[in-house]
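These are the residues of each chain, in order.
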Amino acid sequence: MHYRQLGRTGLKVSVLSYGASPLGNAFRTIDDGEGIRTVRTALALGINFLDTSPHYGTTKSETVLGRALSGVPRDSYYLATKVGQYGEGNFDFSAKRVTESFNESCQRLGTDYIDVLHCHDIEFADLNQIVSETLPALAKLKAAGRIGHLGITGLPLKVFPAVLDCVPSGTVEAILSFCRYCLNDTGLEPMLPYLHEKGIGVINASATGMGLLTERGAPVWHPAPKPIMDGCRRAVEYCASVGADITKLAIQFAVHHPGIATTLVGTASPENIRKNVAYIEEPIDFELMAKVLAVLKPIHNHNFTRGRPENRDAIIP
Ligand code: NAD
């Protein structure tokens, strides 16, 4: 496993990290024991950054992750969770609720300290509230030694500078972007120099585009419109026709970018996590990658967005 600095946080994170949304049944109903074995396998293979949220399975992901981490030395991994989103369509970024939520997450995770705490999917929030109420409340917990670093997450890219440009340097130290740096969409890339200049650690999630670039395909709740679904399906089918694994290529592609500190991949299968760690040790088949990128070219950087109208990115469907 290789490790990279997460911005100026001082955290040296594994280039492939563990996304725990599947522990909350995001993609299928999981067996908790299998989920727990997956987390322990990830740690044994050198993954040291684990990401969850009270939103995933409406607290189930945090509960199962807490069980998986019970008895594991707290200083052997970095733990990230989130505040502000609590089940479908349920957002509350008030100082009171995020403080309560932080404490509830700690209880479920069996810890009193979170390494990276994110405001979860701020495109659904009034960004003035994030800047003037949510982050100051979390900064108090940070000053009290309960949080290491603060982050923000979102699907539309425009929410990142919208907040980062309005808070004192060092307030937010990481961003989590998802579905915007993968084989079919590299929209995050032009923003990387700006983020690096500000010393922001970049966490890239959903290397497979939340299932678009997997044999199983996207789950029913996936927000991508049909042309993107169809375009990704063509790439999956192309890989299958030449005996290649699209998920392997998708993970290799995302992890390869040196400007991205870590890439989160979600799974509740010990076998998949073993495969994923092995994939990043293997040399990339650049010839195959070029062919797959060519198949994806008609939909390259076509994207989807969501959130309050003022927080949405312009889209190419
Ligand atoms: P992902 O792109 O990592 O895809 C997960 C899918 O890929 C699952 O269906 C999983 O079974 C499958 N998969 C994983 N390894 C595989 C393998 N070897 N072979 C075949 N299929 C495989 O999407 P994700 O889980 O949504 O994203 C990763 C993590 O990032 C999440 O779990 C979450 O922690 C985080 N995330 C955060 C946000 C946010 O903060 N707003 C959004 C998206 C993701």
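Structure's up top.
About the criteria used
- Residues numbered from 1 in each chain as written.
- Predicted model: local features only at pLDDT ≥ 70, side-chain atom pairs only at ≥ 80, totals over all residues.
- Heavy atoms only, no water.
- Helix = DSSP H or I, 4+ residues; strand = E, 2+ residues; numbered from the N terminus.
- Buried < 20%, exposed > 50% of the residue type's maximum accessible area, 1.4 Å probe, protein only.
- Polar contact = N/O pair within 3.5 Å; in protein donor to acceptor, adjacent residues only side chain to side chain.
- Contact = heavy atoms within 4.5 Å.
- Phe/Tyr/Trp six-rings, centres within 6.5 Å; stacked < 30°, edge-to-face > 60°.
- Near = heavy atom within 4 Å.
- Areas by Shrake-Rupley, 256 points an atom, 1.4 Å probe, with all protein chains shown as cover.
- Expected span 1.5 Å × (residues − 1).
- Disulfide = S-S within 2.5 Å.

**Q** Would you take a moment to explain the side chain of Glu62 for this structure?
**A** Relative to the helices and strands, Glu62 is located in helix H2 (residues 60–69). We classify Glu62 as buried; its relative accessible area is 0%. For Glu62, the side chain forms a polar contact with the side chain of Ser105, separated by 2.8 Å. Setting aside residues up to four positions removed in sequence, Glu62 forms contacts with Thr52, Ser53, Pro54, Thr81, Ser105, Arg108 and Leu109.

**Q** For this particular structure, what's the right way to read the packing of aromatic side chains?
**A** Geometrically, a pair of aromatic rings is defined through the distance of the ring centres and the angle of the planes. Across all of its chains, the model carries three aromatic pairs by this definition. Judged by centre distance (4.5 Å) and plane angle (20°), the rings of Phe91 and Phe124 are stacked. In this pair, Phe91 is assigned in the loop between strand S5 (78–83) and helix H3 (95–109) and Phe124 in the loop between strand S6 (114–119) and helix H4 (127–143), connecting sequence segments 33 residues apart. Residue Phe91 is classed as partly exposed on the basis of its relative accessible area of 25%. A centroid spacing of 5.1 Å and a plane angle of 10° characterise the contact between Tyr181 and Phe253, whose relative ring orientation is stacked.

**Q** Explanation requested: the environment of Leu195 in the structure shown.
**A** Considering the arrangement of structural elements, one finds Leu195 in helix H6 (residues 192–197). Along the primary structure Leu195 and Gly7 are separated by 188 residues, whereas in three dimensions their C-alpha atoms are 8.8 Å apart. Apart from residues lying up to four places away in sequence, Leu195 is in contact with Leu164, Ile175, Leu188, Ile200 and Val202.

**Q** Even after reading the chapter, I still don't get the site of the ligand, so can you show me in this structure?
**A** For the ligand, the set of nearby residues contains 30 residues, the closest of which are Asp51, Asp121, Thr208, Arg216 and Asn276. A distance of 3.4 Å separates an oxygen atom of the ligand from a polar side-chain atom of Thr153. Residue Ala207 places a main-chain N or O atom 3.4 Å away from an oxygen atom belonging to the ligand. Across the complex, the protein chains shield 92% of the 830 Å² of accessible surface that the ligand would expose by itself. Residue assignment for the shell around the ligand shows that the elements contributing at least two residues are strand S8 (174–178), strand S10 (262–266) and helix H9 (270–281).

**Q** Even after reading the chapter, I still don't get the side chain of Ser14, so can you show me in this structure?
**A** Its location among the elements puts Ser14 in strand S2 (residues 12–14). At a separation of 2.9 Å, a polar atom in the side chain of Ser14 contacts the main-chain carbonyl oxygen of Leu16. In this structure, Ser14 is in contact with Met1, His2, Tyr3, Gly46, Ile47, Asn48, Phe49, Ala261 and Thr262, ignoring residues within four places of it in sequence.

**Q** Hey, could you run me through unusual backbone geometry in this one?
**A** The bulk of non-glycine residues show a negative phi, and the bulk of peptide bonds are trans. The phi dihedral of Thr58 is positive, around 40°, even though this residue is not glycine. Turning to its location among the elements, Thr58 is positioned in the loop between strand S4 (49–51) and H2. Using a relative accessible area of 51% as the deciding quantity, one classes Thr58 as exposed. Phi at Cys179 takes a positive value of approximately 65°, unusual for a residue other than glycine. Assessed through its relative accessible area of 3%, Cys179 is described here as buried.

**Q** Honestly, helix H7 (residues 226–241) in this entry has me stumped. Any pointers?
**A** Given 3.6 residues per helical turn, the α-helix brings residues three or four places apart onto the same face. With 16 residues, H7 ought to run about 22 Å at 1.5 Å a step, and its terminal C-alpha atoms sit 22 Å apart, in line with that. Next to the buried residues of H7 lie helix H8 (246–256) and helix H10 (286–296). Gly243 lies just past H7 and shows a positive phi near 75°.

**Q** Honestly, the state of the cysteines in this entry has me stumped. Any pointers?
**A** Simply put, disulfide is the name for a covalent bond between the sulfur atoms of two cysteines. Scanning the model with the defined rule gives zero disulfides in all. Here Cys119 stays unpaired: no disulfide links it, and the sulfur of Cys166, its closest cysteine neighbor, is 14 Å away. Look at Cys119 and you get buried, because its relative accessible area is 0%. With no disulfide of its own, Cys182 lies 5.8 Å from the sulfur of Cys179, the closest cysteine sulfur.

Nothing here speaks to function; it is geometry throughout.
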